[in-house]
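Structural overview for review
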Amino acid sequence: MKVHWLFLLIGVLQGVNSIKENNLKWVRVNVPQYRVPGETALLQCEYNLGNDKLYSVKWYKDHEEFYRFVPKFKPQTSSFKVEGVHVDMYKSDSKKVVLHSVNWKTSGTYKCEVSAEAPSFASAQSEAKMEVITLPHEDPVIKGVKDQYNIGDEIVLNCTSGRSRPASILHWYINEQQIQKPEALIEYPIETHPKGLVTSTLGLKFHLSNRHFLGGSMRVKCVASILPTLFGDERESDVQSLPIMRDMREALLLVRSSSSHHTDPMVYILLLGIFLSFVFPNIYRVNS
Ligand SMILES: *[C@@H]1O[C@H](CO)[C@@H](O)[C@H](O)[C@H]1NC(C)=O
């Protein structure tokens, strides 16, 4: 008796499988990870319907529908108001949506949902994030530098980023070592400027000691970067293969002791320089 049930079950499962194989197989979105305000963005939705017939393609931003394509309807396309989303209806269809003049509010998670007609009514979806960013035009600036320091003095500095959106993340380095001790760092609130751009400020506080003067000099550096979520996105997204984007701007402060003797109490700042490093390859190449 049990054996018969088992055969029946296997039969049912095989039946389900054979139906499945002819159905809508997969949906994949291709969404640019980064855009700059004012640009257009091409969102693509690829899918394999198998033997199914397309019923609808729907696009959502953060779960709000903004575009729909239904082949049976007249007109076939419709769009819905969602903040920051401006669909170019002439350039959008069953496989793609073009957004014109993106702005910061366009940032979000974009989902494409494909549904098949009867009898299968199968449905599948896929989503990806897009962030609209404004990179800083200015380098981070180190302030609070005195003309002269002695071993044992407390050094208190500020690093302020250039204006960007989202806010820049700041890191301090002494001799290429990132400072992570909370007691050495002073967090200040993010400051908002006209037009919505923001600056971040991070303080650094430490006592100057001989061990800072490896080879007679000390380098204090502040590095500003944007998009802390980048690496998370990168891992999450198997849809796009993009080069890792790094946008970092640095300010460098070099302090040199006045002699090669590490016991020398007098320390002079020989150079307060701005050191710039632009490492942002290829981000705007996506989709154009
Ligand atoms: C650092 O910035 C904060 C906030 O703007 C300010 O209150 C503080 O005086 C600054 N400190 C130095 C050393 O410039």
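Residues numbered from 1 in each chain as written. Predicted model: local features only at pLDDT ≥ 70, side-chain atom pairs only at ≥ 80, totals over all residues. Heavy atoms only, no water.

1. What about the sheet that holds strand β8 (residues 108-116)?
Threshold: Two strands form a pair only when DSSP identifies at least two bridges running between them. Under the scheme used here, helices are H or I runs from DSSP no shorter than 4 residues and strands are E runs no shorter than 2 residues, and both carry numbers assigned from the N terminus.
Pairing in this open sheet of 6 strands is mixed, and the strands run β2-β9-β8-β4-β5-β6 from one edge to the other. The open sheet has two edge strands, β2 (34-35) and β6 (77-79), and neither has a second partner. The pairing of strand β4 (residues 54-61) with strand β5 (residues 64-69) spans 5 bridges and is antiparallel. Bridging from a neighbouring strand, Tyr-60 pairs with Glu-65 of β5.

2. Considerations on the pairing of strand β12 (residues 154-160)
Applied cut-off: When a residue's accessible area, from a 1.4 Å probe over protein chains only, is under 20% of the maximum for its type it is buried; when over 50% it is exposed; and in between it is partly exposed.
Burial along β12 is one-sided: the face carrying Ile-155, Leu-157 and Cys-159 is buried and the face carrying Glu-154, Val-156, Asn-158 and Thr-160 is not. Bridge analysis of strand β10 (residues 141-143) against β12 gives 3 bridges, and the strand direction is antiparallel. Counterpart to Ile-142 in the pairing with β12 is Cys-159.

3. Let's talk about the site of the ligand
Operational definition: Being near a molecule or strand, for a residue, comes down to having at least one heavy atom within 4 Å of it. Surface accessibility follows the Shrake-Rupley procedure with a 1.4 Å probe radius. Residue values consider only the protein chains on display as shielding.
The environment of the ligand is made up of Val-156, Asn-158 and Tyr-188. Its free accessible area being 370 Å², the ligand has 45% of it covered by the protein chains.

4. Things to note about the sheet that holds strand β3 (residues 41-48)
Let me state the cut-off plainly: Helix axes are fitted only over the stretch in contact, all axes being lines through C-alpha atoms; the angle between N-to-C directions runs from 0 to 180 degrees.
As summarised here, the arrangement of the 3 strands in space is β1-β3-β7, forming an open sheet in which the pairing is antiparallel. For this open sheet the edge positions go to β1 (26-30) and β7 (96-99), each flanked by a neighbour on one side alone. Geometrically, the sheet is characterised by an average inter-axis angle of 10° between neighbouring strands, direction not taken into account. As defined by bridge partners, β3 adjoins β7 across 4 bridges and the pair is classed as antiparallel. By the bridge assignment for β7, Leu-43 is matched with Val-97.

5. Re the environment of Leu-43
To keep it simple, the criterion reads: Contacts: residue pairs with any heavy atoms within 4.5 Å of one another.
Within the element layout of this structure, Leu-43 appears in strand β3. When its relative accessible area of 0% is taken as the criterion, Leu-43 is described as buried. Sequence spacing of Leu-43 and Val-29 is 14 residues, and the spatial spacing of their C-alpha atoms is 7.2 Å. Leaving out residues up to four positions away in the same chain, Leu-43 has contacts with Asn-30, Val-31, Pro-32, Trp-59, Phe-66, Lys-95, Lys-96, Val-97, Leu-99, Tyr-110 and Met-130.

6. Thoughts on the pairing of strand β19 (residues 217-225)
The element β19 is largely enclosed, with a buried count of 8 among its 9 residues. Sheet topology places strand β13 (residues 169-174) next to β19; 6 bridges connect them, and they run antiparallel. Of the residues in β19, the one forming a bridge with Ile-174 is Val-220.

7. Remarks on the state of the cysteines
This is how it is decided: Cysteine sulfur atoms that come within 2.5 Å of each other are treated as a disulfide pair.
The final tally for this structure, using the stated rule, is 2 disulfides. Disulfide pairing places Cys-45 opposite Cys-112 at an S-S distance of 1.9 Å. An S-S torsion of about -80° defines the bridge between Cys-45 and Cys-112 as left-handed. Placement of the pair is Cys-45 in strand β3 and Cys-112 in strand β8, with a sequence separation of 67 residues. One disulfide in the model links Cys-159 with Cys-222; its S-S distance is 1.9 Å. One quick way to see it: the torsion about the S-S bond of Cys-159 and Cys-222 is about -80°, and its sign makes the bridge left-handed.

8. Observations concerning the environment of Ile-151
Mapped onto the fold, Ile-151 is located in the loop between β11 (148-150) and β12. A residue is classified by how much of its surface remains accessible, and Ile-151, at 27% relative accessible area, is partly exposed. Residues Ile-151 and Ser-209 lie 58 residues apart in sequence; the distance between their C-alpha atoms is 5.3 Å.

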